[in-house]
Amino acid sequence: MENVIILGTGCAGLTAAIYTARANLEPLVIEGGQPGGQLTTTSEVENFPGFPQGVDGFMLMQQVREQATRFGTRYTNDLIESVNFSGDVKVLKSSSQTYEAKSVIIATGASPRLLGVPGEQEMFGGKGVTTCATCDGAFYRDMDVVVVGGGDSACEEALFLTRFCSKVTLIHRRDELRASKIMAERTLEHEKIELLWDSAIESVLAGDDGKCRGVQTKNLKTGQTSELTCKGVFIAIGHIPNTGFLEGHLPLDDLGYIIPESNSMVRTRIPGVYTAGDCADHVYRQAITAAGMGCQAAIETERWLAEH
Ligand code: NAP
């Protein structure tokens, strides 16, 4: 039986791994579907303390992983589908494996939210619809693209895409960006970025080759619809917590975020089960706050194991 199993390898999970490994707990980290978490799909991270010139998100996560490995963290690649937290031994099951642990830290993060409009699924991936400019931006060199959303992610994606694309249209459902002031200003001032305010994408339109040829948009104030020609649609409208496998086992809110106990950000209703990062935080959602929660969860785990 493991001392502690950590679910997730984003900032939260790997920080928890560093701390529990340094406490000689030999944590087993289950990597899940997106090793390294959301930062691996980010370009430049400018607000992580200690990097005055910014740091590439993928590189940062590689370094954090190296740090966790150095102290004895073990990794396995698997996807947990169900849990049983009813006894002293916590049981986690994937399609092929059963894991047992004295304690668990859930840091499964969140996945990109999609629009749910016609054409989106059909053209997802190589045919024009994507949620990752860092991964796919270079495929759209000298082409017109759209980005959907008004938060920091949408602005970051739009700004990143200006390196490759001839024109970037940012489609936002309101007439004001949600993004931080600095990101909003950079976006609004960029000569390659055009804003389409108060608008939603109604469908993604396919060309004869089955690839995206444009989007149908609707002005939410006037109701007027129009077509916009573009080869790529980059969706950046927030995230959904990866907690489906916990339903019925831990309290989740309406959006699926784990609800921690009232006296702590990382304690769950089940003794010995802790949480950290974007699967439990819909307020701050920063790399540094996820890392902080990972640290808290690890310290809680260490103390709980010492007491029991
Ligand atoms: P977010 O802040 O929740 O913004 C999501 C955006 O998508 C909002 O503008 C929202 O519109 C829009 N939206 C949501 N559902 C929609 C739908 N169904 N159709 C159309 N638009 C929709 O998410 P985020 O931008 O991914 O940022 C998440 C967190 O990460 C934030 O705390 C952010 O500060 C942080 N972050 C930071 C950085 C950075 O500092 N460099 C970079 C990326 C992310 P409304 O505005 O109308 O709600």
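This text goes with the structure placed above it.
Some remarks on the overall build of the chain
Next up, step 1: When helices and strands are tallied, the chain shows six helices and 19 strands.
Next up, step 2: Relative to the compact-globule value of 19 Å for 308 residues, the chain shows a C-alpha radius of gyration of 21 Å, a close match.
Next up, step 3: Burial statistics for the chain: of 308 residues in total, 48% are counted as buried.
Next up, step 4: By sequence separation, contacts in the chain at least 24 residues apart represent 58% of the contacts at least 6 residues apart.
Next up, step 5: Surface exposure of the chain reaches about 15,300 Å², of which carbon and sulfur atoms provide 47%.
Next up, step 6: Between the averaged position of the 27 positive side-chain charges in the chain and that of its 39 negative side-chain charges there is a distance of 1 Å.

With respect to the site of the ligand
Next up, step 1: As a matter of local geometry, the ligand sits amid 19 residues, with Asn47, Asp152, Ser153, Arg174 and Arg178 nearest to it.
Next up, step 2: Backbone polar atom of glycine 151 to an oxygen atom of the ligand: 3.3 Å apart, as the coordinates give it.
Next up, step 3: Serine 153 has a polar side-chain atom sitting 2.6 Å from an oxygen atom of the ligand.
Next up, step 4: Counting residues domain by domain, the shell around the ligand receives three or more from each of domain 1 (2-111 + 239-307) and domain 2 (114-235).

Some points on the sheet that holds strand 14 (residues 199-206)
Next up, step 1: Across the sheet, which stays open at both edges, the three strands sit in the order 14-15-16 with antiparallel pairing between neighbours. The strands lining the two open edges of the sheet, one partner per strand, are strand 14 and strand 16 (225-229). Across the sheet, the mean angle from the axis of one strand to that of its neighbour is 30 degrees, orientation sign disregarded.
Next up, step 2: The sheet contact formed by strand 15 (residues 212-219) and strand 16 spans five bridges and is antiparallel. The residue bridging lysine 218 from the neighbouring strand is threonine 225, located in strand 16.

Some words on the environment of glycine 223
Next up, step 1: With respect to the helices, strands and loops of the structure, glycine 223 is situated in the loop between strand 15 and strand 16.
Next up, step 2: The sequence separation of glycine 223 and serine 199 amounts to 24 residues, and the corresponding C-alpha distance is 9.2 Å.

A word on the packing of helix 1 (residues 11-22) against helix 6 (residues 287-307)
Next up, step 1: Two numbers describe how helix 1 lies on helix 6: the axes approach to 7 Å, and their chain directions differ by 40 degrees. The two elements helix 1 and helix 6 meet at a crossing, and its hand is right-handed. Where helix 1 approaches helix 6, its residues Cys11, Ala12, Thr15, Ala16, Tyr19 and Thr20 are matched on the opposing element by Ala287, Ala290, Ala291, Gly294, Cys295, Ala298 and Ile299.
Next up, step 2: Grouping the constituent residues of the contact of helix 1 with helix 6 by class yields ten nonpolar, three polar and no charged.

A short note on the packing of aromatic side chains
Two numbers describe a pair of aromatic rings. These are the distance of the centres and the angle of the planes.
Next up, step 1: Counted under the stated rule, the structure contains three aromatic pairs.
Next up, step 2: Relative to phenylalanine 234, the ring of tyrosine 140 has its centre 5.4 Å away and its plane inclined at 80 degrees; by these criteria the two rings are edge-to-face. Residue tyrosine 140 is located in the loop between helix 3 (133-136) and strand 11 (144-148), and its partner phenylalanine 234 is located in strand 17 (residues 232-235); the two are separated by 94 residues in the primary sequence.
Next up, step 3: On the basis of relative accessible area, tyrosine 140 is assigned to the buried category, the value being 7%.
Next up, step 4: Consider the rings of phenylalanine 160 and phenylalanine 164, whose centres lie 5.5 Å apart with planes at 65 degrees: the pair is edge-to-face.
Next up, step 5: For phenylalanine 160, a relative accessible area of 9% gives the class buried.

Looking at the state of the cysteines
Formally, a disulfide is one covalent bond, and it connects the sulfur atom of one cysteine to the sulfur atom of another.
Next up, step 1: For the structure on display, the rule yields one disulfide.
Next up, step 2: Between the sulfur atoms of cysteine 132 and its disulfide mate cysteine 135 the distance is 2.0 Å. Taking the sign of the S-S torsion, 75 degrees for the link of cysteine 132 and cysteine 135, the bridge is right-handed.
Next up, step 3: With relative accessibility at 6%, the residue cysteine 132 sits in the buried group.
Next up, step 4: A relative accessible area of 43% places cysteine 135 in the partly exposed class.
Next up, step 5: Cysteine 295 forms no disulfide, and the closest cysteine sulfur to it belongs to cysteine 11, at a distance of 13 Å.
Next up, step 6: On the basis of relative accessibility, which here comes to 17%, the residue cysteine 295 falls in the buried class.

So, how was this worked out
Residues numbered from 1 in each chain as written. Predicted model: local features only at pLDDT ≥ 70, side-chain atom pairs only at ≥ 80, totals over all residues. Heavy atoms only, no water. Helix = DSSP H or I, 4+ residues; strand = E, 2+ residues; numbered from the N terminus. Rg over C-alpha atoms; globule rule 2.2 N^0.38 Å. Buried < 20%, exposed > 50% of the residue type's maximum accessible area, 1.4 Å probe, protein only. Contact = heavy atoms within 4.5 Å. Areas by Shrake-Rupley, 256 points an atom, 1.4 Å probe, with all protein chains shown as cover. Lys, Arg positive; Asp, Glu negative; His and termini not counted. Charge placed at Lys NZ, Arg CZ, Asp CG, Glu CD. Near = heavy atom within 4 Å. Polar contact = N/O pair within 3.5 Å; in protein donor to acceptor, adjacent residues only side chain to side chain. Domains from an automatic or database assignment. Pairing = 2+ DSSP bridges. Axes fitted to C-alpha atoms, helices over the stretch in contact; angles between N-to-C directions. Left-handed = near helix turned anticlockwise from the far one by under 90°. Nonpolar A, V, L, I, M, F, W, Y, C, P; charged D, E, K, R; others polar. Phe/Tyr/Trp six-rings, centres within 6.5 Å; stacked < 30°, edge-to-face > 60°. Disulfide = S-S within 2.5 Å.

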